[in-house]
Amino acid sequence: MATETNDLGPLPKRITGGCLCGKITYEIKFPENHNFAESSGTCQCTQCRKSTSSLFFMYHRVPYSSLTWTSPSLSTHLKNYYCSEGRARGFCGDCGTFLYWRREAGPNISVAIGTVDPLYLFGEGHEATNGEVPKEGFGKALAYGGGGHEWVKNEIKGVTDDLKIVGAGKDGRGERVLTE
Ligand SMILES: [Zn+2]
Ligand SMILES: [Zn+2]
C-alpha cells in the first residue's frame, strides 16, 4: 500500500543539501502538488551499489526544474559518470560524495537522500529557523520509501529483503529499473 501523505509528518516547502566538502550545494523548492509519499524509494542494482558504496541507493525524486544549484564554480567540482548512455550519476570531484541519478532526457532527478542537510533530514539546528523547520525535521516525508523500489531482485537475504523502507512502497516487490 502506498503511504498516505498525512502519515509522513510535516511536509517541507524547501530543503537544502550538498556534498561533504561543501563545494556543491543545492536548494529544492517543492512544487505545490509534490507527492512526497510516492517520491522516495531505493535501488539495489549493482550499478547503484557500486556508485553509492552502499547496499541501497536511497533517493527522493523531484522535477529537475525544482532544484537550483547554489554553489559557485559548480562546473569545476560537479562530475557526471555515465554507466549507461544518457543516465548521469553525479558526484563531487573533490570529496567524492554521490549526489544524484538522472536520466538527462527526462524531467526528474533522483537526489541521494543522504546529501540533504541535517537541518531538514532530522532537525539539527531547527531552533534557528523561526518555525520553518520542526524539531524532528522532514526526514520521514523525504525518506519513508513509499515510492518505487527499483531492482529488488538483488536483495540480500536476511539483510535487505525485509526492511520497512522497501515494504513501504506500493511496488516494493517489483523489479524495475530507474527510467526517469
Ligand atoms: Zn565535495
Ligand atoms: Zn540502481
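Right above here is the structure, for reference.
Predicted model, so just to flag it, every value in this text is computed and none were measured.

Caption draft 1: Just the coordination of the zinc ion (ligand 1), in detail. Of the protein atoms, only C19 (SG), C21 (SG), C92 (SG) and C95 (SG) coordinate the zinc ion (ligand 1), at distances of 2.3 to 2.4 Å. One can describe the site at the zinc ion (ligand 1) as tetrahedral: its four donor atoms subtend angles covering 106 to 113 degrees at the metal. Taken in chain order, the donor set of the zinc ion (ligand 1) reads C-x1-C-x70-C-x2-C. Taken together, the positions of C21 in the loop between strand 1 (14–18) and strand 2 (25–29) and C92 in strand 7 (residues 87–92) put the pair 71 residues apart, joining distant regions of the chain. Taking the relative accessible area as the measure of exposure, C92 reaches 1% and is therefore buried.

Caption draft 2: Structural detail: the side chain of T129. Its location among the elements puts T129 in the loop between helix 3 (118–122) and helix 4 (139–143). Assessed through its relative accessible area of 15%, T129 is described here as buried. At a separation of 2.8 Å, a polar atom in the side chain of T129 contacts the main-chain carbonyl oxygen of H126.

Caption draft 3: Examining unusual backbone geometry more closely. Backbone geometry at S53 places phi at a positive 60 degrees, although glycine is not the residue there. With respect to the element layout, S53 can be found in the loop between helix 1 (46–52) and strand 4 (57–63). Classification of S53 by relative accessible area gives exposed; the value is 67%. The backbone phi angle of S73 is positive, close to 55 degrees, even though this residue is not glycine. Looking at the secondary structure, you find S73 in the loop between strand 5 (67–69) and helix 2 (74–77). Note on S73: relative accessible area 45%, which makes it partly exposed.

Cut-offs and rules
Residues numbered from 1 in each chain as written. Chains lettered and ligands numbered in written order. Predicted model: local features only at pLDDT ≥ 70, side-chain atom pairs only at ≥ 80, totals over all residues. Heavy atoms only, no water. Donors = N, O, S within 2.8 Å, 3.2 Å for Na, K, Ca; no water. Tetrahedral: all angles 85-135°; square planar, octahedral: opposite > 155°, others 65-115°. Helix = DSSP H or I, 4+ residues; strand = E, 2+ residues; numbered from the N terminus. Buried < 20%, exposed > 50% of the residue type's maximum accessible area, 1.4 Å probe, protein only. Polar contact = N/O pair within 3.5 Å; in protein donor to acceptor, adjacent residues only side chain to side chain.

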